[in-house]
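Structural features, examined
The lines below spell out each chain.
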Protein chains: 2
Amino acid sequence: MNRAPSADLAAHWGLDPEVTFLNHGSFGACPTTVLDYQGELRARLEREPVRFMARELEGLLDAARAMLAAFLGARPEDVVFVNNATSAVNAVLRHLPLETGDELLVSDQEYNACRNVVDFVARRADASVKVVRLPFPVSAPDEIVDAFAAAVGPRTRLALFDHVTSQTGLVFPAASIAAALRERGVRVLIDGAHAPGMLPLELESIGADYYTGNLHKWVCAPKGAAFLWVRRELQPEVRPAVISHGANADDSQRSRFQLEFGWTGTDDPTAWLCVPEALRFLGTLLPGGWPELMRRNRALALRGRDILAEALATAPPAPAEMIGSLAALPLPDGGEEPRSYLYVDPLQTALYRDHRIEVPVIPWPAPPKRLIRTSAQLYNTEQDYHLLAQALRRMFPR
Amino acid sequence: MNRAPSADLAAHWGLDPEVTFLNHGSFGACPTTVLDYQGELRARLEREPVRFMARELEGLLDAARAMLAAFLGARPEDVVFVNNATSAVNAVLRHLPLETGDELLVSDQEYNACRNVVDFVARRADASVKVVRLPFPVSAPDEIVDAFAAAVGPRTRLALFDHVTSQTGLVFPAASIAAALRERGVRVLIDGAHAPGMLPLELESIGADYYTGNLHKWVCAPKGAAFLWVRRELQPEVRPAVISHGANADDSQRSRFQLEFGWTGTDDPTAWLCVPEALRFLGTLLPGGWPELMRRNRALALRGRDILAEALATAPPAPAEMIGSLAALPLPDGGEEPRSYLYVDPLQTALYRDHRIEVPVIPWPAPPKRLIRTSAQLYNTEQDYHLLAQALRRMFPR
């Protein structure tokens, strides 16, 4: 009902039509066609499990990686599948050569799960973690580049940053940050959890050392699909978080990097194998394909942000050039202290319970304590933002 | 056709009826009913992704763990889900406190993937790996206990062994080995990859420090379902292979151990959530439930072993008391050297290509170079073994 103008597009997803779903960002949403394809793959697997896993899987993964790599602007040999970006960050950081006194650089907008990995490996190696304080609100992408560059010290070994931040929904100038860091001798790990499918990517030219992205978010693959790209020279150093047969397998066709990540114990490989189908299917939904999809989602995210900023009588905290398909706005002070980013905020619960609107409310360390972050995917329409604006007006009467 | 007498049972699986499938052991096989249930869970997830993942999942996992723990003879608090046994072995070994000169103990029948993990952590810590040579053929379970006990040295920190070996299909006397090792001050990690659903388990009384098992093998859950059990005192030390939000989450209801393993990045949780359904469904297929299922599978594995031993004119390499639902026999020397356990052996390919029989042929370091390992699950019948015996008689004429 509330997404009538876009009903044709929304019909491709199995989302509850009674819920205004403005949180594609957290876990994505997978179109029914892609889920059906996954069901077929799974039935094929179960028809002949050994044939599928032992004789066919490697070739199927090669084909899926080739199609993914083309979408990412990368060489297929440099890309491996992982279950999620967090596990890729573990793979890179757990095997990074670190010495006592080395420093790892993150920002105060770093995603909590990955920050935990950084803290874990730093503690283990007696290294330290430096936290760059980023401006927020931010007026220009260069402010982010400058903040990272200024934080580099003589022992800074690696910096981790999000291509699109999770809490604030900002598109960082990834190539410029990477260039500034690498020219200072710092390795660059980019967590593009939200990037593939939201932004056009050319991994070969972005200048990172390591780049990971989720495919179950904005590529709309089934849950458990993500990738890790590693600069060729560094591949021998990177191992999966789960060591398995690939550590001593011999195969003239595939690198150790490919062999190790290609098998990390028996698991369901169908989410990975659905990536080509998700890329294909999403690419057919608008006449202009993926570029048009990204353009449309971004335009809707910006329009939605304007609608909400007006309702909240607040100014957007970042320039439009730093917005993709996510947008965050500060909420008026709701009185109660937020608990933890790990638990659903009471305001988020109220929006869901009283208004059937699913949208994340995110604790923020500085006043006004909370951000609200909206997402724009093909199944969303402007009407979704009007409904949210209406609900927010009731929650925060002027 | 070839499984006519058990057609009613085989009908619960989607296995190709044209293939004689004697390899349940490698990847298991999931009944259609359980797969359908997984499809429903996945549709429910996609209907409201945030509600499912952020509001409902923890409670659903608690319920699934409780039912699994009852099946395993364990306390629910001591059990966590993982995707496979290999990842549990990584979780334990990667976080084991090890010092230079410490020793890790494995046997020459250790599963390759897990041996690779042992080698990895030993190398990183400048520890060493000692390999116990086990007798094979073996005449009594005590020979295995004695071999492990005799191998313990002053610096032996931990021993890893399989409850049911992968290559040789033997049921090891896990409790006796564990007792002999622990009384010598050695921590015990048991890889029960094949055990749950094949053997009755009472984890509380087995005496291990760590125990992992797959649930996609003999419990017939969908791929990607396994568990790790850890002795209470050691839980604070064990971290998942993928560090995520749980490292700093606060929750008075759940231990750090539960929190960390309960979320290792966005993934498809439906295989874990299908475990109760797999336990329930498999338990209804025979009037005597799980005990009768295990008894039937073991009886068929032994009967099948006799049929094949006769065809190959060989003696079974282990006493019946060391057999569960797997059984291995040596094959006559086929001339050609086996390549690697990681690739399908040419004899295995020939059996599949020429006879439509799926059964693993496993390289073995001593003459006669190869073992053949059969599995017995409810969909198998004696006829499957007769077909294999016939094929082997043709391949190895006397």
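Residues numbered from 1 in each chain as written. Chains lettered and ligands numbered in written order. Predicted model: local features only at pLDDT ≥ 70, side-chain atom pairs only at ≥ 80, totals over all residues. Heavy atoms only, no water.

1. Regarding the overall build of chain A
For chain A, the helix and strand inventory stands at 15 helices and 12 strands. For a compact globule of 398 residues, the expected C-alpha radius of gyration is about 21 Å, and chain A comes in at 21 Å, within 12% of that figure. In terms of principal-axis extent, the alpha carbons of chain A reach across some 70 × 55 × 35 Å. The long-range share in chain A, meaning contacts at least 24 apart out of those at least 6 apart in sequence, stands at 70%. In the form shown here, chain A has an accessible surface area of approximately 13900 Å², with 52% of it arising from carbon and sulfur atoms. The averaged location of the 48 negative side-chain charges in chain A is 2 Å from the averaged location of its 41 positive side-chain charges. (Helix = DSSP H or I, 4+ residues; strand = E, 2+ residues; numbered from the N terminus. Rg over C-alpha atoms; globule rule 2.2 N^0.38 Å. Contact = heavy atoms within 4.5 Å. Areas by Shrake-Rupley, 256 points an atom, 1.4 Å probe, with all protein chains shown as cover. Lys, Arg positive; Asp, Glu negative; His and termini not counted. Charge placed at Lys NZ, Arg CZ, Asp CG, Glu CD.)

2. Observations concerning the relation of the copies chain B and chain A
Mapping chain B onto chain A calls for a screw motion: a turn of 180° about the axis and a shift of 0.0 Å along it, with 0.0 Å RMSD after fitting. Taken together, the turn and the small shift mark the pair as related by a two-fold rotation axis. The position closest to the rotation axis in chain B is occupied by the C-alpha of Ala241(B), lying 2.8 Å away. The overlap is high: 100% of the interface residues of chain B also sit at the interface in chain A, so the same surface is used on both sides. (Least-squares fit on C-alpha atoms with pLDDT ≥ 70 in both.)

3. Notes on the domain arrangement of chain A
Residue and element names in this part refer to chain A. As far as domains go, chain A holds domain 1 (9-22 + 287-395) and domain 2 (39-279). Relative to domain 2, the C-alpha centre of domain 1 lies at a distance of 27 Å. Run the count over domain 1 and domain 2 and you get 4 residue pairs in polar contact (both at pLDDT 80 or more). Breaking the side of domain 1 that touches domain 2 down by element, the ones donating at least two residues are helix 13 (289-312), strand 9 (326-330), strand 11 (361-363) and strand 12 (370-375). Looking at side-chain class alone, the side of domain 1 that touches domain 2 contains 18 nonpolar, 4 polar and 2 charged residues. (Domains from an automatic or database assignment. Polar contact = N/O pair within 3.5 Å; in protein donor to acceptor, adjacent residues only side chain to side chain. Nonpolar A, V, L, I, M, F, W, Y, C, P; charged D, E, K, R; others polar.)

4. Quick look at helix 8 (residues 174-182) of chain A
Residues and elements named next belong to chain A. Considered for burial, the residues of helix 8 that qualify are Ala 174, Ile 177, Ala 178, Ala 180 and Leu 181. Seen along its axis, helix 8 keeps its buried residues to an arc of 165°; they face one direction. Turning to helix 8, the residues buried within the fold contact strand 3 (103-107), helix 7 (141-151), strand 5 (156-162), strand 6 (187-191) and helix 9 (203-206). (Buried < 20%, exposed > 50% of the residue type's maximum accessible area, 1.4 Å probe, protein only. Arc of directions from axis to C-beta.)

5. Details of the interface of chain B and chain A
Chain B puts 70 residues into the contact, and the matching count from chain A is 70 residues. Each partner contributes to the roughly 5900 Å² buried at the junction of chain B and chain A, and carbon and sulfur atoms together form 53% of this total. Glu358(A) is the salt-bridge partner of Arg55(B), the closest N and O atoms lying 2.8 Å from each other. A class-by-class count of the residues in the side of chain B that touches chain A yields 30 nonpolar, 23 polar and 17 charged. (Buried area = accessible area lost by both parts, 1.4 Å probe. Salt bridge = Lys/Arg side-chain N within 4 Å of Asp/Glu carboxyl O.)

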